[in-house]
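Residues per chain are reported as follows:
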Amino acid sequence: MRRSLTPAAADPRPQLITASAIHTIDDADSVAEALLVIGGRVAAVGDLESCRAEAARVSALAPREIDLGEAVVVPGFIDAHAHPLMYGQMMTWVDCGPERASSIPEIVALLSAAAEATPGDTPVRGYGYEQQNLAERRHPNRHELDQVSTSRQVYLMNASGHGGVVNSFTLEQAGIDRTTPDPQGGEFFRDADGELTGELSDAACNILTGVRGVKVGHHGPNFHLEDEPAEHLRQLEAAQERFLAGGVTAIGDCQVTRREFDMYLRLAERGELTTRVSMYVLSHLLDEVLELGLHGAFGNETLSFAGIKLYADGTLGGWTAYFPDGYVGDPCRTGQLYHSPEEYDALVRRAHAVGLQTATHAQSPDAIEMVISTIERALADRPDADARHRIEHCGLPTGEQIERMARAGIRPVNQPQHYYNWGEGVTDAIGTPGERFNPLGEFVAAGVPVTISSDAPVADPIPLEAIQVAATRVTRRGHSLGPGELRISAREALRGHTINGARSIGREDDLGSLEVGKLADFAVLSADPLAVDAPEIGAIDVLETWIGGQRRYRKDS
């Protein structure tokens, strides 16, 4: 089968766009009044007359003038860490988040209603609960989910995406009992008597993937659940629309397997992959990547390969991040490292040796230490001043680790919406140190570039909400998390979701700012995020989203 991934031809006629303010996010943080777009790229930006003069100089066609009135233009947001297909898949699941359910009986009621509405043996899947947000302040158990069904799979995923709870039928169907050993990189949780509770994490979720699902072993959390390819395609299309509605024009997909790659190819073949995607292939495929000779970034303007995704530990939300001395909220839990330091070291060194960027999930100080020390050794063996190795989430680095990140050029990729949605849960889990979760202000003070992303489906891809939280550190419940020096300015946060995001995915030559020669990707906003009070930024509407000089989204009036 012949597949064409050539982007749609851009409008050859010049487009002259004016707005009350156009934030270019160039090195000078310039503000313009006009933007000239030709062939999908920025041809001029500045005052109206100079843009008109440039249009006349380079084209015999009169420009199409588009006046956006009082709206404000910013570069298209870069969501450097997200999981679009999983996000689309979860849009078909039952929302059991804090706005829908505040207790376990309420969750059971939501899932039961879905089971009644879905005949046959179709699995019932829910998502979004965080145990510390529930009235019971614990995970549900399998017996409670048995109230939903005892004859088909019921799976309730934790908000972190790193596991959740299943009913007894699911365990029995998979042949899991109290004597079953935990898989490497995962756990079947047990009560004090050794009986299965139904809670499972990370690699243990392989029991959910089905015959055609993707089993990733201990290289990351497995939310690659099985659906028909046509359904996956619909899910990806639906997710793409949500990203566009948030003003997102480029995405770093940070857990790509054959499932995601196939769906992107299918969507691109149909000419319907409108957001730009940079793929980070999961580390269990590193041998295949090296065998194929994929020793650097490649692709086109729309779909490209960026690097390798690894996992050091689990998640703070699901209490699987690695704290060897135990959690304050449950001293018996220590979380886990996905790899031994030796195994992780070998994986990163193999990738770095051929010039591949790595992006490693790490939350606890111990996990972050494993990542930093490995990268330091790799750089000592093969110096590369522009390696741009990333630490995803980078929740609780020490001050000393941040200084070493600055020296090594390591880029943290953070998600402020995590502490907006469940920041209190971090302090419940590990105590007062949790108030430093995602210490963006400390990164800026140390000269470490801040990159902001959503981690969708863990949070919705709403960059303006993320920018607000980065500038306020106020949670959804109204709590201020940590001291003021952990906040960053709205301007720094905007750069974190645009040009710094582009640099983190290696696309700053084309994306992240509105400068001559770059792709004309931008979002049209109802107000200026750099002019309103920080707590009001999240309420700003995205009116339109443009990619390559073409409007791809318009908010319904």
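Each remark here, short or long, concerns the structure printed above.
Please read these numbers as outputs of a predicted model, since none were measured by experiment.

1. Here's the deal with the overall build of the protein chain
1) Next: Each helix and strand counted, the protein chain has 16 helices and 23 strands in total.
2) Next: Dimensions of the protein chain along its principal axes, counting C-alpha atoms only, are 80 × 55 × 50 Å.
3) Next: Counting only contacts in the protein chain whose residues sit at least 6 apart along the sequence, the fraction spanning at least 24 positions is 71%.
4) Next: Total accessible area on the protein chain stands at roughly 20,700 Å², and carbon and sulfur atoms take up 49% of it.
5) Next: For the protein chain, the distance from the average site of its 49 positive side-chain charges to the average site of its 80 negative ones is 4 Å.

2. Some thoughts on the environment of L514
1) Next: With respect to the helices and strands, L514 occurs in the loop between α16 (499-504) and β21 (522-525).
2) Next: Along the chain, L514 and I25 lie 489 residues apart, while their C-alpha atoms are 6.8 Å from each other.
3) Next: Excluding residues within four positions of it along the chain, L514 makes contact with I22, H23, T24, L35, V42, V45, V73, V74, P75, D521 and F522.

3. Some words on the pairing of strand β3 (residues 41-46)
1) Next: When strand β2 (residues 31-38) meets β3, the two strands line up antiparallel, connected through five bridges. Within the sheet, the bridge partner assigned to L36 lies in β3 and is A44.
2) Next: Between β2 and β3, which pair antiparallel in sequence order, lie two residues; one of them, G39, sits at a positive phi of approximately 60°.

4. Regarding the pairing of strand β19 (residues 411-414)
1) Next: In β19, alternate side chains face the same way, and those of R411 and V413 on one face and P412 and N414 on the other are all buried.
2) Next: The pairing of strand β18 (residues 390-393) with β19 spans three bridges and is parallel. Of the residues in β19, the one forming a bridge with E392 is V413.
3) Next: In the classification by handedness, the crossover that spans β18, the intervening helix α11 (residues 399-408) and the parallel β19 is right-handed.
4) Next: Summarising the sheet, β19 and strand β20 (residues 451-452) pair through two bridges and their orientation is parallel.

5. Description of the nonpolar core
1) Next: Ranked by internal contacts, the top residues of the largest apolar core, which has 88 residues, are L316 and I391.
2) Next: Counting residues per element, this core draws most heavily on helix α10 (residues 365-381), at seven residues.
3) Next: For L316, the residues in contact, after removing those within four places along its chain, are A321, F323, Q363, L396, W422, V426, I430 and F437.
4) Next: If you look at the next biggest cluster of nonpolar residues, it comprises 18 residues, including L145, V148, V154 and V165.

6. Topic: the sheet that holds strand β11 (residues 186-190)
1) Next: Taken together, the six strands give an open sheet; going across it, the order is β7-β8-β9-β10-β12-β11, and neighbouring strands pair in mixed fashion. Two strands in the sheet have a free side with no partner beyond their single neighbour: β7 (94-95) and β11.
2) Next: Pairing geometry for β11 and strand β12 (residues 196-202), over four bridges, is antiparallel. Looking across to β12, one finds that R190 is bridged to L196.

Conventions we followed
- Residues numbered from 1 in each chain as written.
- Predicted model: local features only at pLDDT ≥ 70, side-chain atom pairs only at ≥ 80, totals over all residues.
- Heavy atoms only, no water.
- Helix = DSSP H or I, 4+ residues; strand = E, 2+ residues; numbered from the N terminus.
- Contact = heavy atoms within 4.5 Å.
- Areas by Shrake-Rupley, 256 points an atom, 1.4 Å probe, with all protein chains shown as cover.
- Lys, Arg positive; Asp, Glu negative; His and termini not counted.
- Charge placed at Lys NZ, Arg CZ, Asp CG, Glu CD.
- Pairing = 2+ DSSP bridges.
- Buried < 20%, exposed > 50% of the residue type's maximum accessible area, 1.4 Å probe, protein only.
- Right-handed = clockwise from strand over helix to strand, strands pointing away.
- Core = buried A, V, L, I, M, F, W, Y, C linked by side-chain atoms within 4.5 Å.

Purely geometric numbers; function is a separate question.
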